[in-house]
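Survey of secondary and tertiary structure
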Amino acid sequence: MLGSGWFKRFCVPTPVWVLPEVQCYQSSTCCHGSSVTRVPRCKLGRQKLFLMNPASYRGMEDMATLPELHDGAIMHNLFTRYQQDLIYTNIGSILAAVNPYKQIPGLYDADAVELYSQHHLGDLPPHIYALANECYRCLWKRSDSQCVLISGESGAGKTESTKLLLKFLSVVSSGTLRETRVEQAIIQSSPIMEAFGNAKTVYNNNSSRFGKFIQLHFAQSGNIQGGCIIHYLLEKLINSPVV
Ligand SMILES: Nc1ncnc2c1ncn2[C@@H]1O[C@H](COP(=O)(O)OP(=O)(O)OP(=O)(O)O)[C@@H](O)[C@H]1O
């Protein structure tokens, strides 16, 4: 998962032309607005420039299909999609998410839950619900436990993604939009855990200062039967960059 700060570090923000002498130019309109001049913006060494296939310019849903796979191509792809509020991108079987730091209308509503619960992975655009649905289906398809590993820098959106996963699983497993008592208990445990283990830091106003291992147990009927949350690496506030 990526916080949007990544783009500031890796992406050149406006279109650039790469000239033979490897200079980077940005278009700029003169004060009368009548002509366009090219003003040298910065110089880049050849080692920092990578080939780019025009096919990847608009952004791709699955980065495993990018013709060139390097930092520049990955960051450009994620950034292009992020600008269109497409925060989820596949990398083969991995889902990359960029924190939008805003509510995207309709992205997580009941219709989205229903839509993704009725389609297989890959049928619809990448989404955390598509991943959750695949996990749930694989429980029965493979008759085996499933695991989702969520990682990323502080503020990247791991906790929010975990809550979305739990929300989706609770709705799909109960078969209705109303959660049962067990599902409610699991979802409502989040604010209690956060009250004890979260703190405001320079990266995140509601930063989890501990890791979480969440286990859900499903009955053969498909319902969530129970679960447990194991915390680890609880940080002492004295060691963390609290503001
Ligand atoms: N999918 C999302 N849509 C909208 N806002 C989001 C989303 N994910 C995260 N955010 C926003 O970003 C903030 C930080 O996200 P979150 O707490 O999940 O990060 P984190 O990766 O768990 O960070 P930490 O490791 O510090 O606990 C949230 O409080 C929320 O405001």
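Residues numbered from 1 in each chain as written. Predicted model: local features only at pLDDT ≥ 70, side-chain atom pairs only at ≥ 80, totals over all residues. Heavy atoms only, no water.

Bringing the overall build of the protein chain into the picture now. Looking only at helices and strands, one finds six helices and nine strands in the protein chain. The buried share of the protein chain, taken over its 243 residues, is 35%. Considering only intrachain contacts with a sequence separation of at least 6, the fraction spanning at least 24 residues in the protein chain is 45%. As displayed, the protein chain has an accessible area near 15400 Å², and 56% of this comes from carbon and sulfur atoms. (Helix = DSSP H or I, 4+ residues; strand = E, 2+ residues; numbered from the N terminus. Buried < 20%, exposed > 50% of the residue type's maximum accessible area, 1.4 Å probe, protein only. Contact = heavy atoms within 4.5 Å. Areas by Shrake-Rupley, 256 points an atom, 1.4 Å probe, with all protein chains shown as cover.)

So, on to a nonpolar patch on the surface. A grouping of Phe213, Ile230, Tyr232 and Leu233 is seen on the molecular surface, where their side chains present a nonpolar patch of about 430 Å² in accessible area. In this fold, Ile230 is placed in strand S9 (residues 224-232). (Patch = residues over 30% accessible without salt bridge, like charges linked within 9 Å, V, L, I, M, F, W, Y side chains within 5 Å. Salt bridge = Lys/Arg side-chain N within 4 Å of Asp/Glu carboxyl O.)

Tallied over the full model, the rule gives four salt bridges. For Lys102, the salt bridge is made with Asp85, and the minimal N-O distance between the two is 2.8 Å. Here Lys102 is found in the loop between strand S5 (94-97) and helix H3 (110-117), whereas its partner Asp85 is found in the loop between helix H2 (71-83) and strand S4 (88-91), with 17 residues between them in sequence. The closest approach of N and O atoms between Glu160 and Lys163, which form a salt bridge, is 3.5 Å. You can see Glu160 and its partner Lys163 sitting in helix H5 (residues 158-174), three residues apart, about one turn around the helix. Connected via shared salt-bridge partners are Glu160, Lys163 and Glu194.

It is worth spelling out empty space enclosed by the protein at this point. Within the structure shown, the criterion is met by four cavities of 30 Å³ or more. Space inside the largest cavity adds up to approximately 70 Å³. For the largest cavity, the full set of lining residues is Thr159, Thr162, Lys163, Leu166, Ile186, Ser189, Ser190, Met193, Lys212, Ile214 and Ile229. Mapped onto the lining of the largest cavity, the elements with two or more residues apiece are H5, helix H6 (181-197) and strand S8 (211-218). Residues belonging to the lining of the largest cavity are distributed by class as follows: five nonpolar, four polar and two charged. (1 Å grid on protein atoms, 1.4 Å probe; cavity = no way out; pocket = protein on both sides within 12 Å on 5 of 7 lines; lining within 4 Å. Points joined across faces, edges and corners; volume = space filled by probe spheres on them. Nonpolar A, V, L, I, M, F, W, Y, C, P; charged D, E, K, R; others polar.)

Glancing now at the UniProt feature "binding site: ATP" (unreviewed entry) in the protein chain. In the numbering used here, UniProt assigns the "binding site: ATP" (unreviewed entry) feature to Gly152, Glu153, Ser154, Gly155, Ala156, Gly157, Lys158 and Thr159. Considering only the residues just annotated, the largest cavity is lined by Thr159. Considering the arrangement of structural elements, one finds Gly155 in the loop between helix H4 (128-141) and H5. Assessed through its relative accessible area of 10%, Gly155 is described here as buried. Setting aside its immediate chain neighbours within four residues, Gly155 contacts Asn99, Tyr101, Tyr203 and Asn204. Residue position: Gly157 is located in the loop between H4 and H5. Discounting chain neighbours no more than four positions away, the residues touching Gly157 are Met1 and Asn99. (UniProt positions renumbered as here; feature names shortened; annotations may be inferred.)

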